[in-house]
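Structural features, examined
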2 protein chains.
Amino acid sequence: MTTTVRALLFDVFGTVVDWRGSLVEGLQGLSAKHGVQGDWERLADAWRAEAYEAILPQIEARSLPWLPLDEVHRLALDELLPRYGLVGLTTAEVAWINRLWHQLTPWPDAVPGLTRLRQGYPVCALSNGNVSLLLDMARHARLPWDMLFGADLFQRYKPAAEVYLGACALLDLEPEQVMLCAAHNGDLQAAKELGLATAFIQRPREKGPAGGEVSAGGWDLEASDLQDLADQLGLPAMEGERAEPGD
Amino acid sequence: MTTTVRALLFDVFGTVVDWRGSLVEGLQGLSAKHGVQGDWERLADAWRAEAYEAILPQIEARSLPWLPLDEVHRLALDELLPRYGLVGLTTAEVAWINRLWHQLTPWPDAVPGLTRLRQGYPVCALSNGNVSLLLDMARHARLPWDMLFGADLFQRYKPAAEVYLGACALLDLEPEQVMLCAAHNGDLQAAKELGLATAFIQRPREKGPAGGEVSAGGWDLEASDLQDLADQLGLPAMEGERAEPGD
């Protein structure tokens, strides 16, 4: 299998970056600055759930028009803020909160792991995030992507087939030449059904105390993190990390 | 003007990479390997002209269906090879020649210049090349792009407005927040008419003995190369180049 793979696609939120921990940390900054108190862990969980479980399905069902993920996040946030007693924030403050998704922190293995993997394969984001969000995040976190396949390129959200097959077509590769690497069974299942190779990445801290997804099995590879994935794909260790320009 | 610019877009063929010199060098390799003789400079010029002056206008006029630039190059090559007496090449050899566009050599200032510019701005390709071509080229030439805006994302070719405005929309920026950097007046004129900022990059060796385009004037900046552009945009010099993984 891995001998035919010519490019790696990565789910981003949860697989490469710690969205939950980063949001909580960012929101705690709001506490420190404005004296606003909140149950930030619950808000982060509810925000993700509102966006992914309430709004994205409506977009995919065409009961809402296409919106990029930044606007999905904003709709969800506007819905949730009053429920969490966060009233009276300025427009700039709400926009600042929404931009936290552009500044997520990578898991510690992500940058060195991607850097190793990139020696052997193009490494590309395949994310429900929009291109501008992924670009800001890459510059903030120094993620060495070869290409950003944001959902706005396809105006569809994963797990829609158009996203996976659209990225393969833009790479000029057959699905079996492309491996999706993700911490989520549903994402991998959709890719597998389309013929892509699959690698499950364990992220046991993705959801904080609630843990992370456990592999449902049946994937081409399973890895404990991106360094382990690089080991399994036979890529040499590196002599220390290379410098990347940030923002 | 430059205080409002938030991202830089670069034309690639001619502005960042030396397409003509690289094609000629690659074709000379064919001479050495197979004893095939040819007027490689004339072939390179004719190839570019056939693709850009004969085929792309037909695609834009919808008298040909959409084809990515790789296929445009191949159509043009198939047309030209017999005219240049290059008959009897195998399919693999013709495919190899067509792939020379994926392996073009950057102008000497391009990688260090883009690396400096990237400290202050996202630097993105905005090219008639398809994404897979641009990705291979970036890995080959170690071009530190933040994003590849290939024409296949828009299924239109420059100077169509959809290409420039599509990239601005994906960057979530207004046209006046984006600067196109190019060695070609026509490309810059199209961008300027849409409200983008513009920088003319001098490439006096682009067309070999025929020179390069001379600025028509009226651009926001004119630079002798990408290091000069970085100087004019006030970016600090760098202590030597950073390492980038290649292929």
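What you are looking at is a predicted structure, and each value in this text was computed from that prediction instead of being measured. (Residues numbered from 1 in each chain as written. Chains lettered and ligands numbered in written order. Predicted model: local features only at pLDDT ≥ 70, side-chain atom pairs only at ≥ 80, totals over all residues. Heavy atoms only, no water.)

What follows concerns the sheet that holds strand 2 (residues 123-127) of chain A. One key point about sheets: their strands pair by backbone hydrogen bonds, in either a parallel or an antiparallel sense. Residues and elements named next belong to chain A. Strand order in the open sheet formed by 6 strands is 3-2-1-4-5-6, with parallel pairing between adjacent strands. Of all strands in the sheet, those bounded by a partner on one side alone are strand 3 (147-150) and strand 6 (221-223). Here the average twist between neighbouring strands, direction ignored, is 25°. Contacts from helix 6 (residues 131-141) reach strand 2 and strand 3, with the element oriented near 140° to strand 3. (Pairing = 2+ DSSP bridges. Helix = DSSP H or I, 4+ residues; strand = E, 2+ residues; numbered from the N terminus. Axes fitted to C-alpha atoms, helices over the stretch in contact; angles between N-to-C directions. Contact = heavy atoms within 4.5 Å.)

Omega for the bond connecting Lys-158 of chain A with Pro-159 of chain A falls within 30 degrees of zero, at 10°, which places this linkage in the cis form. Of note, the phi angle at Asp-172 of chain A is positive, near 60°, even though the residue is not glycine. Summarising the element assignment, Asp-172 of chain A is placed in the loop between helix 7 (161-171) and strand 4 (178-182). Despite not being glycine, Arg-62 of chain B shows a phi value in the positive range, around 65°. As for its placement among the helices and strands, Arg-62 of chain B is situated in the loop between helix 2 (40-60) and helix 3 (69-83).

Residue and element names in this part refer to chain B. At a minimum axis separation of 10 Å, helix 3 and helix 4 (residues 91-98) run at an interaxial angle of 120°. Compared by their axis directions, helix 3 and helix 4 come out oblique. You can see that helix 3 and helix 4 cross each other, and the crossing is right-handed. Across the interface between the two elements, Asp-70, His-73, Arg-74, Leu-77, Asp-78 and Leu-81 of helix 3 pack against Val-94, Ala-95, Ile-97 and Asn-98 of helix 4. Across the contact of helix 3 with helix 4, the residue classes break down as 5 nonpolar, 2 polar and 3 charged. (Parallel < 35°, antiparallel > 145°, perpendicular 65-115°, else oblique. Left-handed = near helix turned anticlockwise from the far one by under 90°. Nonpolar A, V, L, I, M, F, W, Y, C, P; charged D, E, K, R; others polar.)

Further remarks concern the sheet that holds strand 3 (residues 147-150) of chain B. Residue and element names in this part refer to chain B. Spatially, 6 strands are ordered 3-2-1-4-5-6 in an open sheet, and the strand pairing comes out parallel. Each edge of the open sheet is held by one strand with a lone partner, namely strand 3 and strand 6 (221-223). Put simply, the sheet's adjacent strands are angled 25° from each other on average, direction ignored. Inspection of the sheet shows strand 1 (residues 7-10) paired to strand 2 (residues 123-127) by 3 bridges, in the parallel sense. Residue pairing across strands places Leu-8 opposite Val-123, the latter belonging to strand 2.

A separate point is the pairing of strand 3 of chain A. Judged by which residues are buried, strand 3 of chain A turns out to be covered on both faces: Met-147 and Phe-149 of chain A on one side and Leu-148 and Gly-150 of chain A on the other are all buried. Tracing the backbone out of strand 2 of chain A, into helix 6 of chain A and back to the parallel element strand 3 of chain A gives a crossover that is right-handed. (Buried < 20%, exposed > 50% of the residue type's maximum accessible area, 1.4 Å probe, protein only. Right-handed = clockwise from strand over helix to strand, strands pointing away.)

Attention now moves to the packing of helix 1 (residues 19-34) of chain B against helix 4 of chain B. Residue and element names in this part refer to chain B. Running from amino to carboxyl end, helix 1 crosses helix 4 at an angle of 150°, the nearest separation of the two axes being 10 Å. One element, helix 1, and the other, helix 4, form an angle in the roughly antiparallel class. The crossing of helix 1 and helix 4 is right-handed. Contacts between helix 1 and helix 4 involve Gly-26, Leu-27, Leu-30 and His-34 from the first element and Glu-93, Trp-96 and Ile-97 from the second. Tallied by class, the residues present in the contact of helix 1 with helix 4 amount to 4 nonpolar, 2 polar and 1 charged.

Residues and elements named next belong to chain A. Of the residues in chain A, 96% reach a pLDDT of 70 or more, and the chain-wide mean stands at 94. Taken element by element, chain A is modelled with least confidence in helix 1 (residues 19-34), mean pLDDT 89, and with most confidence in strand 2, mean pLDDT 99. For this predicted complex, the interface confidence comes out at an ipTM of 0.94, alongside a pTM of 0.95. (pLDDT = per-residue confidence, 0-100.)

Let us look at the pattern of salt bridges. Using the criterion set out here, one finds 28 salt bridges over all chains in the structure. The closest approach of N and O atoms between Asp-146 of chain A and Arg-118 of chain A, which form a salt bridge, is 3.1 Å. With Asp-146 of chain A in the loop between helix 6 and strand 3 and Arg-118 of chain A in helix 5 (residues 110-118), the pair connects residues that are 28 residues apart, well separated along the chain. Exposure remark for Asp-146 of chain A: the relative accessible area of 8% places this residue in the buried category. For Arg-118 of chain A, a relative accessible area of 7% corresponds to the buried category. For Arg-156 of chain B, the salt bridge goes to Glu-162 of chain B, with nearest N and O atoms at 3.2 Å. (Salt bridge = Lys/Arg side-chain N within 4 Å of Asp/Glu carboxyl O.)

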